[in-house]
Amino acid sequence: MVLGVTVSVSIIRNMMEIIQCCVLFLSMDKPRYPWKKTISIYVAFIALCTVGSTIWVLTYPESYGKYITVSFFALVVFFVQYMSQYSISKVLYNVSLLVFVQLWGIGIGVRFAMIFFGGNVWADILFRFFYFWVVVWLFYRFFREAYLEIADYMRERWKWMAAVSMAGDILFIYCSIYPQHVMVRDTRDRIISCGIAVILFATHITMLRAINTMRSELKAKEEMEYSLLNNAYLEHALAMIEEKVALADRSRHDARHHDLVIMEYAKRGAMEELLHYMEEKAETEELETPVGFCGNKTVNSILSAYAQKAKQAGISMTVEAAVKQDIGIKDIDFTAILGNALENAVHGCIKSEKEEPFIDVKIQTKNNKLAMTVCNSCDGGVVFENGIPQSEKSGIGVKSMMRSAAKYDGQLDFQCEDNVFKVRIVLNAS
């Protein structure tokens, strides 16, 4: 074995590689199961791999030293595919990236120990330990956020990225262990192996930089879509306000005519006709008169507009709102969040075709938190993906809600139970 490693040291080093591999993969992955169950399964996997590798190194130490790395990573592919939400292409790229990181650490660690410490195995182990934590820190510091954010946007591109990186890893492993370990071969072979490693390193860095660039481009595209959507909602809200102003002007203009009609009925003593006319007038005024829900003008305008829209659609809408005027949330964000929630609620009620559709809105502030809950009738056929309701249209309304809520470190929760759809929103307010 390289560095004259003993059985006990091989077990320690192998266990360390298994743990590092699992930690690295989890940092790049979205687990299929809750974290508690995920950690339990990973611990069991690490234990089984440790037991299996121990039996192997005790029984066939030579083949263990030659094939353990490639065998372990082949096993990892099957295990992590079962544990991950991602497609097989994305999982293969993740595995190929962590394989390269591990192999690079192994190669440098062995060479480091041979050059500076006369082949001391503990120098190799200490180097790998520090190398691992430096890699984890660098990934979290510079790449993880972009890496996870871009994952769902590159479903097709992961295929060629996985193919290139896997081919590079296979070539690197082959050149490193055949016909014998590269560290005990001549200088020419070591230079070739080092050259392959450098090329593979440059390939992975280029891919990661491309991921970061694509993330920036997608964020710019989403920002444009978000701005267009908010402008559309503001225009819609402005149109509603203008309509209310026009109704108020028309009411004032028509007041004189109403008075003349009432006087005429009174002169003729037509009390029954007068009462009927007054009832119709009261119903019209009730429909057109804005309702005061809370002290915040923007929230009140949004609630009033959708209360009127709900009433026209035959939807019962109840509101409990306590929002002050100066709450630290921009009007445009209120429009995007609350306006979208109520717009979706009205559409959900209409689509449900229930006999008594309803919308229930609760908004309150407490401890610098603004909590909004919107419940509405629905047909129960809402499709969720990663906890987010999927729309038959573009779904940009929900994205706009999430984007605006993120400005205030907000949280959104969507649920659908017993034909009732519920969205809960919590924002940090001043």
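Residue positions are given per chain, counting from 1 as you read along its sequence in written order. Note on the predicted model: pLDDT of at least 70 is required for a residue's local features to be given, and 80 or more for side-chain atom pairs to be given and counted; whole-chain, interface and lining totals, by contrast, use all residues. With hydrogens and water set aside, each side-chain value is computed from the structure's full complement of heavy atoms.

## Overview of the overall build of the protein
For the purposes of this entry, the term helix denotes a DSSP run of H or I that reaches at least four residues, the term strand denotes a run of E that reaches at least two, and both are numbered from the N terminus. When its secondary structure is counted, the protein shows 11 helices and seven strands. Counting across all 430 residues of the protein, residues that qualify as buried make up 41%. In what follows, a contact means two residues having at least one pair of non-hydrogen atoms within 4.5 Å. Looking at the protein alone, contacts between residues at least 24 apart form 72% of all its contacts between residues at least 6 apart. For the exposure calls, accessible area comes from a 1.4 Å probe over protein chains only, and a residue counts as buried if that area is under 20% of its type's maximum, exposed if over 50%, partly exposed in between.

## What about the pattern of salt bridges?
By convention in these notes, a salt bridge is any Lys or Arg side-chain nitrogen within 4 Å of a carboxyl oxygen on Asp or Glu. Throughout the structure, instances matching the rule amount to six salt bridges. As a salt-bridge pair, Glu343 and Lys309 come within 3.2 Å of each other at their nearest N and O atoms. Taken as a pair, Glu343 in helix H10 (residues 331-352) and Lys309 in helix H9 (residues 297-312) lie far apart in primary sequence, 34 residues in all. Across the pair Lys407 and Asp333 runs a salt bridge, and its minimum N-O distance is 3.2 Å. Residue Lys407 is located in the loop between helix H11 (396-406) and strand S6 (411-417), and its partner Asp333 is located in helix H10; the two are separated by 74 residues in the primary sequence. Salt bridges sharing common partners tie together Glu17, Asp124 and Arg128.

## Comments concerning helix H2 (residues 35-59)
Expected span of a helix: the number of residues minus one, times 1.5 Å. With 25 residues, H2 extends 36 Å from end C-alpha to end C-alpha; this agrees with the ideal 36 Å at 1.5 Å per step. For H2, the set of buried residues is Thr38, Tyr42, Phe45, Ile46, Cys49, Thr50, Ser53, Thr54 and Val57.

## A few points about a nonpolar patch on the surface
A surface patch of nonpolar side chains, about 430 Å² in accessible area, is lined by Met114, Ile115, Phe116 and Phe117. Mapped onto the elements of the fold, Phe116 is located in helix H4 (residues 88-116). Patch membership needs two things, relative accessible area over 30% and no salt bridge, and members are linked within 9 Å if like-charged or within 5 Å if nonpolar (Val, Leu, Ile, Met, Phe, Trp, Tyr). Shrake-Rupley sampling with a 1.4 Å probe provides the accessible areas, and residues are treated as covered by the protein chains on show and by no other component.

## Quick word on the packing of helix H1 (residues 7-28) against H4
In this analysis an axis means a line fitted to C-alpha atoms, helices contributing only their contacting stretch, and an angle means the value between N-to-C directions, from 0 to 180 degrees. Running from N to C, H1 and H4 point in directions that differ by 140°, and their axes come no closer than 10 Å. Taken together, the axes of H1 and H4 are oblique relative to one another. The two elements H1 and H4 meet at a crossing, and its hand is right-handed. Counted together, Glu17, Gln20, Cys21, Leu24, Phe25 and Met28 of H1 and Lys90, Val91, Asn94, Val95, Leu97, Leu98, Val101, Gln102 and Ile106 of H4 form the full contact between these two elements. Note on angle classes: values under 35 degrees are labelled roughly parallel, values over 145 roughly antiparallel, values of 65 to 115 roughly perpendicular, and the remainder oblique. Two helices cross in a left-handed way if the nearer one is turned anticlockwise from the farther one by less than a right angle. They cross in a right-handed way if the turn is clockwise.

## A look at the packing of H9 against H10
With their axes 10 Å apart at the nearest point, H9 and H10 run at an angle of 20° to one another. Taken together, H9 and H10 sit at an angle that is classed as roughly parallel. The chirality of how H9 crosses H10 is right-handed. In contact with Thr298, Val299, Ile302, Leu303, Tyr306 and Lys309 of H9, H10 contributes Asp331, Phe334, Thr335, Leu338, Gly339, Leu342, Glu343 and Val346. Side-chain classes follow a simple rule in which Ala, Val, Leu, Ile, Met, Phe, Trp, Tyr, Cys and Pro form the nonpolar group, Asp, Glu, Lys and Arg form the charged group, and the remainder, Gly included, forms the polar group. Among the residues making up the contact of H9 with H10, the classes are represented as eight nonpolar, three polar and three charged.

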